[in-house]
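Report on the structure
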Amino acid sequence: MSNLPAYKAVVFAGGGARCFWQAGFWEAVSPSLPRPPEVVTAVSAGASTACHALSGCSQQAMEYYLEGHAARAQSGYHRHPLSLKPDRERVAFYRDAFLDVLGDESLERLRSGPEIRVLMATAPVWAPGSLGILVGFLAYSLEKAIKAPLHPIWAQALGFKPVVGFADRCATVEQVADLVLASSCVPPIMEPVRWQGQAVLDGGLIDNAPVALLAEHERPALVMLTRRYPPEKLRGHPGLTYVQPSEPLPISKWESANPDALHRAVELGMADGERFLRSGPAA
């Protein structure tokens, strides 16, 4: 088994349904870490994965998602991700992933564990409402397509600003669900939401792998990505260990009605985690 550093922090990148890979990877790796992380940063669906994992409810969450995906597949559910109407069924499904799975004991584990910083974004003052949404997602998509950076910068250059919520400080399961959904807000799939009175958007607009929420003294950190990059992009970052799926994931970020793809993504995450334990990041 590879000698792993004592990671002070762990980063859960966003990625929609691709984050099920993280669930498998973390399940395989976390028991063998020298110590639990002191800090976790997460965004969008990665925040959901982090909260379920750190509350000790990963297995129950997977059962919930598998059952939900199977039921939606059986009902013939289909929605194009570019549909202009809010998908209230999808939002309710992910909210219930917390309300139905997390109980008082799980919430207490979440509250007594590491600090969990959840990233959200606010639009610039010159681009309110729908204009800000359009500008933000165009900037994000274009930068990813043209430069494929590990950490995008265009949205912040345009005036989008980060907002951070703390899942471990939430007093109720409902507050945890509200925070995760706020970090995942992608209009028009979701209706606009507010966090503590402030209109917010998916934090992935700022950074889909929120390393910037960590201070220098909170390294070394393990960063779990959900999309693939050229391996050379992942090397040479002092204090940061980047890991990614070993092959293209069998599930799209918008998928919510394919239990087989979900299961395969989790299994690949577990297999990659076991390889990581045997051979270290070079695997």
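In case you missed it, the structure is sitting above this.
What comes next is a walk through the structure. (Residues numbered from 1 in each chain as written. Predicted model: local features only at pLDDT ≥ 70, side-chain atom pairs only at ≥ 80, totals over all residues. Heavy atoms only, no water.)

In this section: the layout of surface pockets. Rolled over the atoms, a probe with the dimensions of a water molecule shows which regions are left empty. Of the volumes computed, that of the largest pocket is approximately 1,100 Å³. Along the wall of the largest pocket there are 46 residues; nearest its centre are Ser184, Val186, Asp202, Lys253 and Trp254. Broken down by element, the residue count for the lining of the largest pocket peaks at seven residues, all from helix α6 (residues 129–146). Classifying every residue of the lining of the largest pocket by side-chain character gives 29 nonpolar, 13 polar and four charged. Volume-wise, the second largest pocket comes out at about 440 Å³. As for the second largest pocket, its lining consists of 21 residues, of which Leu234, Tyr242, Pro281, Ala282 and Ala283 are closest to the centre. Elements represented by at least two residues in the lining of the second largest pocket include exactly α1 (20–29), β8 (240–243) and α9 (259–279). At four residues, the largest contribution of residues to the lining of the second largest pocket is made by β8. (1 Å grid on protein atoms, 1.4 Å probe; cavity = no way out; pocket = protein on both sides within 12 Å on 5 of 7 lines; lining within 4 Å. Points joined across faces, edges and corners; volume = space filled by probe spheres on them. Helix = DSSP H or I, 4+ residues; strand = E, 2+ residues; numbered from the N terminus. Nonpolar A, V, L, I, M, F, W, Y, C, P; charged D, E, K, R; others polar.)

What follows deals with empty space enclosed by the protein. Enumeration according to the criterion identifies one cavity of 30 Å³ or more in this entry. Lining the largest cavity we find Ala13, Lys144, Leu150, Asn208, Ala209, Leu225, Thr226, Arg227 and Tyr229. A per-class count over the lining of the largest cavity returns five nonpolar, two polar and two charged.

To continue, consider the pairing of strand β1 (residues 9–12). Residue alternation in β1 divides its side chains into two sets, Ala9 and Val11 and Val10 and Phe12, and both sets are buried. Here β1 pairs with strand β2 (residues 39–43) via four bridges, running parallel. When the sheet's bridge partners are listed, Ala9 is paired in β2 with Val39. The pairing of β1 with strand β7 (residues 221–224) spans four bridges and is classified as parallel. What sits directly across from Val11, in β7, is Val223. (Buried < 20%, exposed > 50% of the residue type's maximum accessible area, 1.4 Å probe, protein only. Pairing = 2+ DSSP bridges.)

With that out of the way, let us pick up the environment of Val29. Considering the arrangement of structural elements, one finds Val29 in helix α1. Relative accessible area serves as the criterion here: at 0%, Val29 is assigned to the buried category. Taking C-alpha positions, Val29 is 23 Å from Lys253, a pair spaced 224 residues apart along the chain. Non-local contacts of Val29, meaning those with residues more than four positions away in its chain, are made with Gly273, Phe276 and Leu277. (Contact = heavy atoms within 4.5 Å.)

Our next topic: unusual backbone geometry. A cis amide bond links Pro187 to the next residue, Pro188, at an omega of 5°. With respect to the helices and strands, Pro188 occurs in the loop between α8 (173–183) and β5 (193–195). Residue Pro220 is reached from Arg219 by a cis peptide bond, and omega for that bond is 10°. Positionally, Pro220 belongs in the loop between β6 (198–202) and β7.

Evaluation of the coordinates by the stated rule reveals 10 salt bridges. A salt bridge links Arg88 to Glu191; the shortest N-O distance between them is 2.7 Å. Placement of Arg88 in helix α4 (residues 88–99) and of Glu191 in the loop between α8 and β5 is noted, with a sequence separation of 103 residues between them. On the basis of relative accessibility, which here comes to 53%, the residue Arg88 falls in the exposed class. Judged by relative accessible area, which is 38%, Glu191 ranks as partly exposed. Between Arg169 and Glu115 there is a salt bridge whose closest N-O contact spans 3.1 Å. With Arg169 in the loop between β4 (161–166) and α8 and Glu115 in strand β3 (residues 115–122), the pair connects residues that are 54 residues apart, well separated along the chain. Owing to a relative accessible area of 52%, Arg169 belongs among the exposed residues under this scheme. (Salt bridge = Lys/Arg side-chain N within 4 Å of Asp/Glu carboxyl O.)

Everything listed here is a matter of coordinates, which is why it stays silent on function.
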